[in-house]
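Residues per chain, in single letters:
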Amino acid sequence: MGLVSLGCPKALVDSERIITKLRADGYQMSPDYAGADVVLVNTCGFLDSAKEESLEAIGEAIAENGRVVVTGCMGNEAEVIRQRFPDVLAITGPQQYEEVVSAVHDAAPPAASPYIDLVPEAGLKLTPRHYSYLKISEGCNHRCSFCIIPSIRGDLASRRPDAVLREAEKLVEAGTRELLVISQDTSAYGVDIRHQPRIWKGEEVRAHMTDLARELGKLGAWVRLHYVYPYPHVDQVIPLMAEGLVLPYLDIPFQHASPKVLRSMKRPANEAKVLERLKSWRSIVPEIAVRSSFVVGFPGETEEDFQYLLNWLEEAQLDRVGAFKFEPVQGAAANALPDHVPDEVKQERYERVMALSARISAEKLRAKVGRTLDVLIDSVDTESGGATGRSKADAPEIDGEAHLRDAAHVSPGDIVTVRIEDSDEHDLYGVPA
Ligand code: SF4
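Residues numbered from 1 in each chain as written. Predicted model: local features only at pLDDT ≥ 70, side-chain atom pairs only at ≥ 80, totals over all residues. Heavy atoms only, no water.

Chemist: With reference to specific residues and values, describe the state of the cysteines.
Modeler: Taken as a whole and judged by the stated rule, the model has zero disulfides. Counting only cysteine sulfurs, Cys-73 is the nearest neighbor of Cys-44, a cysteine outside any disulfide, at a range of 5.9 Å. For Cys-73, a relative accessible area of 13% puts it in the buried group. (Disulfide = S-S within 2.5 Å. Buried < 20%, exposed > 50% of the residue type's maximum accessible area, 1.4 Å probe, protein only.)

And the structure:
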């Protein structure tokens, strides 16, 4: 079978689970359309642009192969897909693992001998073996006005801490050097199950971000926390960074800084005194890297609100910043808000925020020149003898990279001490020390 996986890291984890199951059922993966008996397209329906990308991917799979099963977030809009592609064999929604697996079974009955392919201990992975996404919960209890995820994925549903830890342990045993903890709202982990403790290695571990982060840290891999809202208890994770159990890294999707815009976005934890908190976190863990994403051109955002955001960013000195222009996603409450911002103003604000964050990023990276940092190797270029990896401050796919020279002896998954020789707006350049 073939697979096209679109969307966020969470969708990628879903794809991994589906493939693990199908491999166990005897299916083999095809690297191209031609060799596949059926193509599974895992779609993203978060933004209208993502939906369009998903529809294009379905169209391509139909044209190239013809036998297509669709799953993922866009599966909730089966009529839209059917209208455009009446030949799609089956459509299932997100997290419908059983349904999608049985749809693939119907479309291409499994091979007679399901024992040919052994599933590796930690499941067949789409991400490189040395890093893995670890999903700790589904859904979200918030109702941010620009977001339709709760209506697609439902309210927060946390996994048991012992189940998460068991999966993480297997991943580490199978070669994972970096665990990327993901969910819609990592700091809210366990709220829905009242932080109920479970026994893990003879000790009680609560379904709580702090407990989970500490236990994950003991497994010996890098632990990186994504989608962390700055609730007060996030302060308890900072000492774990100081102890070296968790990477000194926080991905906090602030989305804006202006209190007025945050209220209108209905953002969680927006009352937190974030600048003070950042200062106090840095006093405990000076090297902590904070990444965030922001929406510009939200309905009602004035030039004054936007200037507030720029001033805030100047003060916050975040390490990595992603920005998005507001898009009215079908079904989102924010669409009904008055005073939508014209496209050209959104574009102009987007460019201003990106220019500012590029300058801050360049300054912060320049300060690392001359230092030695641990770098996890992602890929090696045998021809040039170079290698590419990431420091503790950089998550895969979304942050910067470290480019190494004279690194012919390293392999993907190695953690190498690197002397940093140069930097630019996003990346570092160095040599193994
Ligand atoms: S916190 Fe807000 S943006 Fe994030 S998933 Fe929940 S509702 Fe959506």
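The rest of the description comes next.
Chemist: Tell me about the pattern of salt bridges, residues and numbers included.
Modeler: One pass over the structure, following the stated rule, counts 30 salt bridges. In this structure, Asp-211 engages Arg-206 in a salt bridge whose closest nitrogen and oxygen atoms are separated by 2.9 Å. Note that Glu-421 is salt-bridged to Arg-419, the shortest N-O span being 3.7 Å. Residues joined in a network through salt bridges with shared partners are Glu-301, Glu-303, Glu-348, Arg-349 and Arg-352. (Salt bridge = Lys/Arg side-chain N within 4 Å of Asp/Glu carboxyl O.)

Chemist: Outline the sheet that holds strand S4 (residues 90-91), supporting the account with residue identities and numerical values.
Modeler: Across the sheet, which stays open at both edges, the four strands sit in the order S1-S2-S3-S4 with parallel pairing between neighbours. At either end of the open sheet lies a strand with only one pairing partner, and these are strand S1 (2-5) and S4. Alignment of strand S3 (residues 68-72) against S4, held across two bridges, turns out to be parallel. Bridging across to S4, Val-70 finds its partner in Ile-91. Docked against the sheet, helix H4 (residues 97-107) engages strand S2 (39-43), S3 and S4, running at close to 180° with respect to S3. (Pairing = 2+ DSSP bridges. Helix = DSSP H or I, 4+ residues; strand = E, 2+ residues; numbered from the N terminus. Contact = heavy atoms within 4.5 Å. Axes fitted to C-alpha atoms, helices over the stretch in contact; angles between N-to-C directions.)

Chemist: Break down the sheet that holds strand S19 (residues 428-432) for me, citing the residues and quoting the values.
Modeler: Spatially, the five strands close up into a barrel ordered S15-S16-S17-S19-S18, and their pairing is mixed. Averaged over neighbouring strand pairs, the angle between their axes works out to 50° when direction is ignored.

Chemist: Give me helix H7 (residues 209-217): which residues, what numbers.
Modeler: Helical geometry note: an α-helix holds 3.6 residues per turn, so side chains three or four residues apart project in the same direction. Of all nine residues in H7, eight are buried, a share of seventy percent or more. By the burial criterion, the buried members of H7 are Met-209, Thr-210, Asp-211, Leu-212, Ala-213, Glu-215, Leu-216 and Gly-217.

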